[in-house]
Amino acid sequence: MVQRVTLRKRQPYNTKSNRRRILKTPGGRLVYHHLKKPGTAPKCGDCGIALPGIPALRPRQYATISKRQKTVQRAYGGSRCGDCVRQRIVRAFLVEEAKIVKKVIKSQTQGKSSKK
């Protein structure tokens with residue numbers, strides 16, 4: 001006959017927050033161990049991939065770890081992944097280059113029209 005296992009908490013329903021595992025103690029009894037929810041890694045705000053270098057914890061556990069474990073030493077570290085930061089920098093550079101080219105072309109056309 002199978003040994004009965006009693007719940008250790010008051011909540012009897014099989015919900016996501018009430019997951020449990022049957023464990024055998026050294027004395028041979030079967031008991032429930034209540035499991036915590038797994039943490040999810042923070043995601044990049046642009047592309048949505050999990051940020052490398054930042055641990056996947058439950059929200060309250062981020063308060064207990066140090067700041068250097070919550071971020072990456074880079075612009076937008078802890079918020080955007082490295083590829084998206086590189087993409088932003090390149091885009092900003094190209095926008096500035098386009099403005100300069102536009103200004104040069106405008107000055108050249110003004111120079112030609114003044115000669116005529």
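Everything below is about the structure shown above.
Our subject in this report is the structure included herewith. Computed from a prediction, not measured in an experiment: that's the story for all the values here.

Here is what the cut-offs are and how they apply
Residues numbered from 1 in each chain as written. Predicted model: local features only at pLDDT ≥ 70, side-chain atom pairs only at ≥ 80, totals over all residues. Heavy atoms only, no water. Core = buried A, V, L, I, M, F, W, Y, C linked by side-chain atoms within 4.5 Å. Buried < 20%, exposed > 50% of the residue type's maximum accessible area, 1.4 Å probe, protein only. Contact = heavy atoms within 4.5 Å. Pairing = 2+ DSSP bridges. Helix = DSSP H or I, 4+ residues; strand = E, 2+ residues; numbered from the N terminus. Phe/Tyr/Trp six-rings, centres within 6.5 Å; stacked < 30°, edge-to-face > 60°. Lys NZ or Arg CZ within 6 Å of the ring centre and 35° of its normal. Polar contact = N/O pair within 3.5 Å; in protein donor to acceptor, adjacent residues only side chain to side chain.

1. Re the nonpolar core
- Among the nonpolar cores identified, the biggest contains seven residues, and these are C44, L51, I54, Y62, I65, C81 and C84.
- Each residue touching C81, except ones within four places of it in the same chain, is listed here: C44, C47, I49, L51 and R74.

2. Considering the pairing of strand β1 (residues 20–24)
- Both β1 and strand β2 (residues 30–34) contribute to a ladder of five bridges, which runs antiparallel. Among the inter-strand pairings, I22 is bridged to a residue of β2, identified as Y32.
- Connecting β1 to the next strand, β2, in antiparallel fashion are five residues, including G28 with a positive phi near 95°.

3. Examining the packing of aromatic side chains
- Using the criterion set out here, one finds zero aromatic pairs in the structure.
- Its guanidinium or amino end placed over the ring of Y32, R20 lies 5.2 Å from that ring's centre, counting from NZ or CZ.
- When the ring centre of Y76 is taken as reference, the NZ or CZ atom of R88 above it lies at 4.7 Å.

4. Things to note about the side chain of R80
- Locating R80 in the fold gives a position in the loop between α1 (67–70) and α2 (82–115).
- Here D46 takes part through its side chain, which lies 3.1 Å from a polar atom of the side chain of R80.
- Excluding anything up to four places from it in sequence, R80 contacts C44, G45, D46, L51, R74, V85 and R88.

5. Quick word on unusual backbone geometry
- For Y76, which is not glycine, the phi dihedral falls at a positive 60°.
- Note on placement: Y76 falls in the loop between α1 and α2.
- Given the relative accessible area of 44%, Y76 is considered partly exposed.

Structural measurements only, silent on function.
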